[in-house]
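# Structural overview for review
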Amino acid sequence: MALEGARKNSALVAAVVAMALTAGLAACGGGGGSSSSSSSSSSSSSSSSSSSSSSSSSSSSTASTSCSESTQGAQLVCLANVFRATLSSSQLSSVSYSLTSSNATAHWSNLPVGSVSRLGLALSALSTDQKTAAEALIAAALTTQGQSTMTGLRAADGYLATAASGYGQNLYYVAFLGTPSTSSPWILEFSGHHYTFMASVTGDYVSMTPNFVGVEPLSFTYGGTAYTPMQTRHDTLAAMLSGLSSTQLASAKLSQAYDDVLVGPQEDGDFPSTQSGLAVSSLSSTQQALVKAAINAYAADANGTGQADAYTTDTALASTYISWASYSDLSTKGSYVRIDGPRVWIELSVQSGVVFSANHYHSIWRDKTADYGGNFTF
């Protein structure tokens, strides 16, 4: 799965990295960077000029152009080192943190970055060449589906910026927890207002959770392009619920109301001790296919992790439950839906808008065993 996933994006990543290297980026190293992984207490918000190191031999530069390594983990290490080589020493310090539970869990949020500061460097603080390299790294962690999700949610923040302060499609931060390496665990954190992922690597690629997604407004036009970035997630979850009989729908209803996701930022490991709702094992094959589609609307954003396949095996589905609260139409404010499996955890909450009056979504995908690469116990 890792190699297959890496190949899906190889042409895109190669093109983007080639652009960066043409501008003078250094060749990537094979086994990890040389910077300190000591924790930095604050994120940099000022723009710095690139102090790229000079290119090495033509053979290593050619390898860097594609970063077409044999595994997804190795490709991410290569691309991480291409990006890191564009940074000044102060920027490198600002983007590098130790791989600790506190660093991983305490700083990401669904609030604007002005309310909760993020770790690392904002895309808005990077030079054109640095941003090109950063975007290539981010894209490599995602499938085409995932890149579309990320682009749309960042565009939503760009749209919000036209009506309110504190938002922007480049107010998203890149940070490294641990030093990118093919032998030691590390995490690429990409976090902003309504989009966060933790791409965790231990040798080969491990996971991309927690992955928070949210959007306001639900549909909009920005830069001449129309976006509905969470439509597929909403529609597949709604189809999953509408495919139930009235009796099944009643069995799947939760007694408690939810005004937001339950296991959101800083709620790591707070999964209910008992699964609630309707057992997927009791559903017909057609109904189970709708559950699988809803899971894939989230987990298939991740490139080369194998998480989507792990969640949808017969064995996994036999221990998976679906549930909803308040309203099952997923259109009325207060609507809530959940998928709870032996590993997968997905929630979507329909809320009132903050900047606009219409609906706004908060949603999260977690992995009970592989959040943050399974590096911490909660």
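This text follows the structure it describes.
In this report, the structure presented in the accompanying data block is examined. Because the structure is predicted, anything quoted here is derived from the model rather than measured. (Residues numbered from 1 in each chain as written. Predicted model: local features only at pLDDT ≥ 70, side-chain atom pairs only at ≥ 80, totals over all residues. Heavy atoms only, no water.)

### Concerning the state of the cysteines
Within the structure shown, the criterion is met by one disulfide. The disulfide that involves Cys67 links it to Cys78, with 2.2 Å between the sulfurs. Its torsion about the S-S bond being -70°, the disulfide of Cys67 and Cys78 is classed as left-handed. In this pair, Cys67 sits in the loop between helix 3 (58-66) and helix 4 (72-84) while Cys78 sits in helix 4, placing the two residues eleven residues apart along the sequence. We classify Cys67 as buried; its relative accessible area is 0%. (Disulfide = S-S within 2.5 Å. Helix = DSSP H or I, 4+ residues; strand = E, 2+ residues; numbered from the N terminus. Buried < 20%, exposed > 50% of the residue type's maximum accessible area, 1.4 Å probe, protein only.)

### What to know about the pattern of salt bridges
In this structure the tally under the stated criterion is seven salt bridges. In this structure, the salt-bridge partner of Lys368 is Asp340, at a minimum N-O distance of 2.4 Å. Residue Lys368 is located in the segment after strand 14 (359-367), and its partner Asp340 is located in strand 12 (residues 336-340); the two are separated by 28 residues in the primary sequence. Of the charged contacts, one joins Arg343 and Asp367 as a salt bridge, the two residues approaching to 2.7 Å between their closest N and O atoms. Note that Arg343 is positioned in the loop between strand 12 and strand 13 (344-352) and Asp367 in strand 14, a separation of 24 residues in sequence. The class for Arg343 is partly exposed, based on a relative accessible area of 27%. By sharing partners, the salt bridges in this structure join Lys131, Glu135 and Arg154 into a single network. (Salt bridge = Lys/Arg side-chain N within 4 Å of Asp/Glu carboxyl O.)

### Digging into the packing of helix 4 against helix 7 (residues 128-140)
One way to put it is that helix 4 packs onto helix 7 with a least axis distance of 9 Å and a crossing angle of 170°. Here helix 4 is positioned roughly antiparallel relative to helix 7, judged by the angle of their axes. By crossing handedness, the relation of helix 4 to helix 7 is classed as left-handed. Together, Gln72, Gln75, Leu76, Leu79, Ala80, Val82 and Phe83 of helix 4 and Gln130, Ala133, Ala134, Ala136, Leu137 and Ala140 of helix 7 make up the contact between the two elements. For the contact of helix 4 with helix 7, the residue count by class is ten nonpolar, three polar and no charged. (Axes fitted to C-alpha atoms, helices over the stretch in contact; angles between N-to-C directions. Parallel < 35°, antiparallel > 145°, perpendicular 65-115°, else oblique. Left-handed = near helix turned anticlockwise from the far one by under 90°. Contact = heavy atoms within 4.5 Å. Nonpolar A, V, L, I, M, F, W, Y, C, P; charged D, E, K, R; others polar.)

### Let's talk about the side chain of Asp268
Position of Asp268 relative to the elements: it lies in the loop between helix 10 (246-252) and strand 10 (278-279). Residue Asp268 is classed as buried on the basis of its relative accessible area, which comes to 11%. A distance of 2.9 Å separates polar atoms of two side chains, one belonging to Asp268 and the other to Arg366. A polar side-chain atom of Asp268 sits 2.6 Å from a polar atom in the side chain of Tyr372. In this structure Asp268 touches Thr105, Trp108, Pro210, Arg366, Tyr372 and Phe378, once residues within four positions along its chain are discounted. (Polar contact = N/O pair within 3.5 Å; in protein donor to acceptor, adjacent residues only side chain to side chain.)

### Here's the deal with the environment of Pro229
For Pro229, the location among the structural elements is in the loop between strand 9 (225-227) and helix 9 (231-242). Of the residues examined, Pro229 reaches a relative accessible area of 13% and is grouped as buried.

### A closer look at the packing of aromatic side chains
Where two aromatic rings form a pair, the distance of their centres and the angle of their planes describe that pair. On inspection of all chains with the given rule, the structure shows 14 aromatic pairs. Measuring from centroid to centroid gives 5.4 Å for Phe271 and Trp345, while their planes differ by 65°, and the two rings are edge-to-face. Taken together, the residues span a long stretch of sequence, with Phe271 in the loop between helix 10 and strand 10 and Trp345 in strand 13 at a distance of 74 residues. Here Phe271 matches Trp345 in class, with each residue buried. An aromatic cluster of three or more residues is present, and its members are Tyr159, Phe220, Tyr227 and Phe356. Over the face of the ring belonging to Phe176 we find Arg84, whose NZ or CZ atom lies 5.6 Å from the ring centre. (Phe/Tyr/Trp six-rings, centres within 6.5 Å; stacked < 30°, edge-to-face > 60°. Lys NZ or Arg CZ within 6 Å of the ring centre and 35° of its normal.)

### Section: the packing of helix 9 against helix 11 (residues 285-299)
Between helix 9 and helix 11, whose axes approach to 8 Å, the crossing angle comes to 160°. Between helix 9 and helix 11, the angle is such that the two are roughly antiparallel. For the pair helix 9 and helix 11, the sense of crossing is left-handed. The segment helix 9 lies against helix 11, with Thr232, Arg233, Thr236, Leu237, Ala239 and Met240 engaging Leu290, Val291, Ala293, Ala294, Ala297 and Tyr298.

### Observations concerning helix 4
When the terminal C-alpha atoms of helix 4 are compared, their 18 Å separation across 13 residues agrees well with the 18 Å that a helix rising 1.5 Å per residue should span. Judged by how many residues are buried, helix 4 sits mostly within the fold: 13 of 13 residues are covered. (Expected span 1.5 Å × (residues − 1).)

### Observations concerning helix 11
Taking 1.5 Å of rise per residue, 15 residues should cover 21 Å, and helix 11 covers 20 Å from first to last C-alpha, within 8% of that figure. All of the buried residues in helix 11 are Gln287, Gln288, Val291, Ala294, Ile295, Ala297, Tyr298 and Ala299.

### Some points on the pairing of strand 5 (residues 195-202)
When you tally the buried positions in strand 5, you get seven out of eight residues, the bulk of the element. Taken together, the six bridges between strand 4 (residues 186-191) and strand 5 define a ladder with antiparallel strand orientation. Bridge pairing links Trp186 to Val201 in strand 5. Relative to strand 7 (residues 211-215), strand 5 runs antiparallel, the two sharing three bridges. (Pairing = 2+ DSSP bridges.)

Scope: geometric values only; no functional claims are made or implied.
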